[in-house]
Amino acid sequence: MNKVKRQIHYYCDDTMNGGIRGQNIAAAVLDTGMARHPDLKGRILAFYDCIGHRQGMYDDSGHGTHVGGILAGDGRLSKGEYSGMAPGASLVIVKVLDARGEGSVEQILEGILWLKDNYKRYGIRVANVSVGAKKGLEGKKEQELIEAVEMLWDLGITVVVSAGNRGPAAGSIAVPGNSRKVITVGSLDEPGMKNGCSGVGPTDHCIVKPEVTAPGYQVSSCNSRYFRTKIPYVRKSGTSMATPVVSGAVALFLSKFPEAQNVDVKLRFRQSCEYREEGAGLGWGCLRTDRLLEEMPE
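These lines cover the structure that appears in this document, whether it is placed above or below. Predicted model, so just to flag it, every value in this text is computed and none were measured.

Glancing now at the sheet that holds strand 2 (residues 44-49). Overall, parallel pairing links the 8 strands, which are arranged 2-3-1-4-5-6-7-10 in an open sheet. The open sheet terminates on both sides in strands that have one partner only, identified here as strand 2 and strand 10 (285-286). Judged from the 3 bridges that link them, strand 6 (residues 183-187) and strand 7 (residues 212-214) form a sheet pairing that is parallel. The residue bridging serine 187 from the neighbouring strand is alanine 214, located in strand 7. On top of the sheet, helix 8 (residues 262-272) reaches strand 5 (158-162), strand 6 and strand 7; it is set at about 35° to strand 6, its chief contact.

As structure tokens, then:
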């Protein structure tokens, strides 16, 4: 994560000394669930399971725990080296994917509807959706997914969705990242990558996607099997990893500017992102956390 933070100009000392850690912000993570991990201890507000409808929190894949650590892990097992973007934020975990990282549209919709019914209870301001439907999804189901994430957006939640890993061919954005409202995140190409895979637009409605790019290659974050293996962190790659980098930045922004709305967040990304050669042609450019957190004009 330190490598990621250097790439996006996340100056930890300045941010932390300024007291901006994502405190008072709750982020929902729709993914494979969450394992218990010391870096997230005491900050999981709720867990809802759309797959097995179990009561106890779990992650039988590891993907969701890794994503949650990128967004909000405090890095205590690494003395801060692998802390996430918003280590003071709280998480609400919605398990919509199974052990293979797969889930039906109906299960994802169930999770989104649960968020609709509970977002006020937990104060959810951000929703991280590192989920993308497979190619060839039936048109009706595609529209249902898009309408569901846009419903969350219309409630005032900043919805951040992965671009998917079916790129780099044009028109390869995964559903529901092709929604015109949500913030869609692509992954930067980096040295060592064999091929770029980040989904790109335009969408069927000629909307530029993704809006924002962030590092997503070989990111170290929380290991769901820590208590069995005693290995605290593992590396994963993809737009699923880039997405919580941006969601965490949103949590920092809303923590600093609590009156801001999701439309303000989106506008601020457009103003603050940086053009990079490795992300040429991908929306507004790469996340710049330092610019994002600059004082807003009166």
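Direction vectors running N to C along helix 3 (residues 63-72) and helix 7 (residues 239-256) enclose 35°, while the axes themselves pass 8 Å from each other. Considering only the axes of helix 3 and helix 7, their crossing is right-handed. Where helix 3 abuts helix 7, its residues His63, His66, Val67, Ile70 and Leu71 lie against Ser240, Met241, Pro244, Val245, Ser247 and Gly248. Here the residues of the contact of helix 3 with helix 7 are counted per class, giving 6 nonpolar, 5 polar and no charged.

The rules we used
Residues numbered from 1 in each chain as written. Predicted model: local features only at pLDDT ≥ 70, side-chain atom pairs only at ≥ 80, totals over all residues. Heavy atoms only, no water. Pairing = 2+ DSSP bridges. Helix = DSSP H or I, 4+ residues; strand = E, 2+ residues; numbered from the N terminus. Contact = heavy atoms within 4.5 Å. Axes fitted to C-alpha atoms, helices over the stretch in contact; angles between N-to-C directions. Left-handed = near helix turned anticlockwise from the far one by under 90°. Nonpolar A, V, L, I, M, F, W, Y, C, P; charged D, E, K, R; others polar.

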